[in-house]
Amino acid sequence: RGRYAEALAALEAGLERTPSSVPLRLIGREVYRFNGRDAQAAQAMDQIERLVLASPNRYASAEGRVALGRY
């Protein structure tokens, strides 16, 4: 809808509450891109990989598997 600054603020608030959320980081990649923050978009993808490698069992749920499949 073009409200990219609001989406960025919501993303940052969400990541403070749930920093290990893969679905949120996937959405975050798009939010960063639409806000012209390509470096942070790339970092979001790197962070997903680090999160999963550090604790793979955390993402064994159906939601986690779907998010990893999208990754």
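## Points about the confidence of the model for the chain
- For the chain, the average pLDDT comes to 92, and 100% of its residues sit at 70 or higher.
- The element-level mean pLDDT for the chain is lowest in helix α4 (residues 62-70), coming to 87, with helix α1 (residues 4-17) highest at 96.

## A word on the packing of aromatic side chains
- On inspection of all chains with the given rule, the structure shows one aromatic pair.
- Plain terms: the ring middles of tyrosine 4 and phenylalanine 34 are 5.2 Å apart, the flat faces sit at 5° to each other, and that makes the pair stacked. One end of the pair, tyrosine 4, is in helix α1; the other, phenylalanine 34, is in helix α2 (residues 22-34), with 30 residues separating them in the sequence.

## Re helix α3 (residues 38-54)
- The first and last C-alpha atoms of α3 sit 25 Å apart over 17 residues, in line with the 24 Å expected at 1.5 Å per residue.
- Of the residues making up α3, those classed as buried are Ala41, Ala44, Met45, Ile48, Leu51 and Val52. For α3, the buried positions fall inside an angular range of 125° around the axis, keeping them on one side. Turned more than 90 degrees off the buried face of α3, the exposed positions are Ala39, Arg50, Leu53 and Ala54.

## Focus on α1
- Helix length check: α1, at 14 residues, gives a terminal C-alpha distance of 20 Å against a target of 20 Å (1.5 Å per residue), a fit within 8%.
- Among the residues of α1, those classed as buried are Leu8, Leu11, Gly14 and Leu15. Buried residues of α1, seen end-on, are gathered within an arc of 130° and therefore sit on one face of the element. Exposed side of α1, more than 90 degrees from the buried face: Ala5, Glu16 and Arg17 are the residues found there.
- On the buried face of α1, the contacting elements are α2.

Parameters and conventions
- Residues numbered from 1 in each chain as written.
- Predicted model: local features only at pLDDT ≥ 70, side-chain atom pairs only at ≥ 80, totals over all residues.
- Heavy atoms only, no water.
- pLDDT = per-residue confidence, 0-100.
- Helix = DSSP H or I, 4+ residues; strand = E, 2+ residues; numbered from the N terminus.
- Phe/Tyr/Trp six-rings, centres within 6.5 Å; stacked < 30°, edge-to-face > 60°.
- Expected span 1.5 Å × (residues − 1).
- Buried < 20%, exposed > 50% of the residue type's maximum accessible area, 1.4 Å probe, protein only.
- Arc of directions from axis to C-beta.
- Contact = heavy atoms within 4.5 Å.

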